[in-house]
Structure formats: C-alpha cells, structure tokens
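Spelled out from the first residue to the last, the chains are:
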Amino acid sequence: MNVFEQIVREIGEYDGTAVIDRGRRISYPQLLQSVRSCAARLSGAGLKPGMRAGIIAEDSFEYIALSLAVLSLNAAIVPLSTRASAEELRNMPEKVGINVLLCDAAHRRGDEAELPSPDFFRDPFFFRIRDPEIRPVKLPDGRIPAFIRFSSGTTGENKGVVLSHQAVLERTDACAPGLGVVRGEHVLWVLDMAFHFVVTILLFLRKGAALVICGRPIESGMREAFRNVPLSLLYATPYHYRLMAHSDDFPPECLRTVRLAVSTAMKLDAADGEAFRKKFGRPLAQAYGIIEIGLPCVNASADPAKAASVGALQEAFDVQILNPDSEGKGEILIRGPGMFDAYLNPFRLRSEVCPDGWFRTGDVGRLDADRFLFILGRSKNVIVFAGMKIFPYEVEAVLNAHPWVKESRVSGLPVAGFGELPVAEIVPETPLPPGWENELRRCCISRLALYKVPKSFSIVPSLPRTASGKLLRRN
C-alpha cells in the first residue's frame, strides 16, 4: 500500500488542474509526470526505501511533487518547518536520524548538490546524504512508514509521530465526509505544508481538487487568489479569517463561490468568528485536528449555540470524556481509523500507549446534549485555585470578545496556600484608556465565576507562538 500509487489510481485519466502556484497552472498529468521524474532523480542520487528524508522548503508545487516522489520510493518524509528556530533546524536531523536532506535555494547551507530539475519545475532543489545507514522503523502488519512528524508542542517533548502509508490513507478516507471535497474545485492554501501535508494536501489530491498556493507575503497572495480564481473551499487559520474580516481588500462578494470556510490549527475565538459571520454572512467551520489522530471533527453548524464547538465527531470516530466533573468537563479521549502507528523517541507502538485504541488528547472538554464537542483547554494548562479548576481558554474567550483586546493569554501565578491565581496578558487592539484594567475586570465578572476572573492584567506587545501558530503556554 503506497499513498502515491493510490493517488494515481484514483486520479485515473483526469486532466484537470492540480496546483496553481505563482501564475502557473499544473495539471494532474503534469504533476504525476513530475513526481515520476523526480523519483528517478532521487533514486539515482542515493535515496533508498526505508530512508528518512528531511524536507525544508517554502510551500510550492515543487514541494508537493518532491514529497510525493519520496513517498513513491517508500522512503519516509520528515517535514522541517521553515518557521522552526535555528536551534531546532540544527538538532532535528540528528534527533530523527535523517538520512537525506532536501531543501530549496533559500534554505541551502552550501554543501547540498543541486538535484536535476524534472519537467515543470521552476525552482531548483538541493540534495545531501547525511547518513547512508538505513535504520528501519518496524511497524506491525508490514506497514511502511510514510511520515515522521514532530509536533509544534509547547513543552519541547517532541516524540516524533510515525504514520504509515496505510494510516494516511485510512485517515484521509475518514475525514473526507466532513470536508466534502469534490473533483475540480479550487482550494485556498495558506498553511505551512510541513504541518498540514499529511491529511489535507493528500486528501485534496486524492479527490482531484486544485490547490491554490498563496505563497508569501500571504496577504497579497490571498488577495490575488480571490481575484483570479473561483475558490470553493477555504482552509486557513483564525489569523487569516481575522485579516479577511477587517480588511477592505476582501469585500463580502469575494466569497460568492465559496461553499465552506474551515478554521484550523488553533482555537477560533468567538469574536473572530462573529466578525467573519457579520461581514460575509456565513459561519466559519471550526476543525479539530490532532497529528496522532487526523481530523475527527469539523463543525459546519450554523446554530449560534454551537459556534464555540469543534463539532460532533465524524462518523468513523468515537469520543469519551475521562473522569468528568459535575459540569461534564474532563480529558478528551478519541479513537478511530488512521491513528498514528508509533512514537519514534522513545519508540513505542500505538498499542502500547492507547489502551483499547483510545488516545488521550490532553485536551479538556465537554459534550453537549447533541454530542457536540467543546474544547476548554489543555489538561496540563489547567489552573487550580483553592481546589477549583480554571480553564485558560474559557477566560481568554471572554477577554478576546472585548473590543479593546486583540488577543490574550491567561496563566497561573503560584501563590502559597491557594495553588495558582489566574493572571492575564493583554495585546490591545487600540491604545487603552485610563482605568482599562477595571473595565476588563468588570467584563469578566459579568460572564465568569468570580474565582475565574484574572487577579491582575498586564499589557504586552505580542504573545509568543509555536512555529505552526499555536499560542505558546507557560510551563
């Protein structure tokens, strides 16, 4: 079972557009031809089945073709984000045991050889064998590793998630109903392929959709995409939708061809969702993705009462709330098809860490009467004040809904005898007037239990984020 071979089977003779990138339209036959040519060049340069190929490059048609070529040779992709820190990029290849490094010109260090460019490539790629020794990742049932993905976690404890070809195909099958991708439709692409290639890019290609890559700067790339292409599906982060909601460059009519706008990668604040709905007359569909699981939830409900939910689980998945409290809040456990095969460091099979198939997400949430899932925070980020639990996301949602607040971060301040007191950092939307702390405190008191109200507020110019854009929590 091989992901690329499955794409070839499903595309068949279809000759529609596969990728639109910087003015180029590449058809599916051209994409598949490029992949085969690239695979031949990689094989000739020394890439062998079972090797681990690190890829660092900006999003592009070439990135897609190169990744598919690696998969076609039954080598495993180790995506390296261009947004990773210099230290991460130095340490990760050694930590993962990367055999081969592939990069574009912007990320070449100088000792990589240029890979002969296949047909339809515009930009050169470079190749270097770091370690010729193959260290097989042994998975049950003869499964072959396709991806080794390191999360953008906040603790630095990146274990390395191993996904086989079979797992990738199972999870793309499982998430297909929630996105409803159809052949020939145009999909806006603004995310980092290093973090989002596994499910969405491969699902879009299996379904014969056309990927519209915006590139950088993302703002101008998005403007051009909306002007020049009849977009059907938007798959972006709250940042991109906030930009659209508050910029005159994106008038309401620019979404006339869009059937679904999905918000992913980080929690969607209620204020951002409401601003988008007011301007464009449609809700955002919030998605819940986990690298170990896939995309179990997509909330496309127009019911305002469900706006803060990530949706009901798709049909293929099960959910349970572990040790719920009196309000039904507890840790979220999920199981379903296409789950990860193993952790790399230290090596542990899924069966060792998922009793009866249940994966502990580390997220705290609840289910409503319709079994819509609401995410309240991370179990490790829960603030415990005098024995009572406070979920930072819940407080941040209230603060972020205030017109003075652009974004916020709520953390626990250790206090002897009480546990932790909630405190808030505020990135203001506009200069704040005198007495702003009392105004935000009153806002919180009107919507939260008193023990959840931050005991102090501080202004910061920005909040730290991980490479994939998630808010970096205090340890």
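Here, every reference points to the structure presented above.
Residues numbered from 1 in each chain as written. Predicted model: local features only at pLDDT ≥ 70, side-chain atom pairs only at ≥ 80, totals over all residues. Heavy atoms only, no water.

Student: Explanation requested: the packing of aromatic side chains in the structure shown.
Tutor: Working definition: an aromatic ring pair is given by the centre-to-centre distance plus the angle between the planes. By the definition in use, this model includes 13 aromatic pairs. Residues Trp 436 and Phe 457 carry aromatic rings whose centres are separated by 6.5 Å and whose planes lie at 75° to one another, so their mutual orientation is edge-to-face. With Trp 436 in helix H12 (residues 436-447) and Phe 457 in strand E27 (residues 456-459), the pair connects residues that are 21 residues apart, well separated along the chain. Phe 457 carries the same exposure label as Trp 436, and that label is buried. The rings of Tyr 63, Phe 147 and Phe 197 are connected pair by pair, giving a single aromatic cluster. (Phe/Tyr/Trp six-rings, centres within 6.5 Å; stacked < 30°, edge-to-face > 60°. Helix = DSSP H or I, 4+ residues; strand = E, 2+ residues; numbered from the N terminus. Buried < 20%, exposed > 50% of the residue type's maximum accessible area, 1.4 Å probe, protein only.)

Student: Honestly, the environment of Val 415 in this entry has me stumped. Any pointers?
Tutor: Secondary-structure assignment places Val 415 in strand E25 (residues 405-415). Here Val 415 falls in the partly exposed class, since its relative accessible area comes to 24%. Taking the C-alpha atoms as reference, Val 415 lies 9.1 Å from Phe 385; in sequence the two are 30 residues apart. Here Val 415 is in contact with Glu 420 and Leu 421, once residues within four sequence places are set aside. (Contact = heavy atoms within 4.5 Å.)

Student: Looking at this model, I keep getting lost on the sheet that holds strand E17 (residues 318-322). Mind explaining?
Tutor: Backbone hydrogen bonds hold the strands of a sheet together, and the pairing may be parallel or antiparallel. Taken in spatial order, the five strands of this open sheet run E16-E22-E21-E18-E17, and their pairing is antiparallel. Because the sheet does not close on itself, it has two edges, and the strands there are strand E16 (311-312) and E17. Here E16 runs beside strand E22 (residues 372-378); their pairing, made up of two bridges, is antiparallel. Residue pairing across strands places Ala 312 opposite Phe 372, the latter belonging to E22. (Pairing = 2+ DSSP bridges.)

Keep in mind that these numbers describe shape and distance, not what the molecule does.
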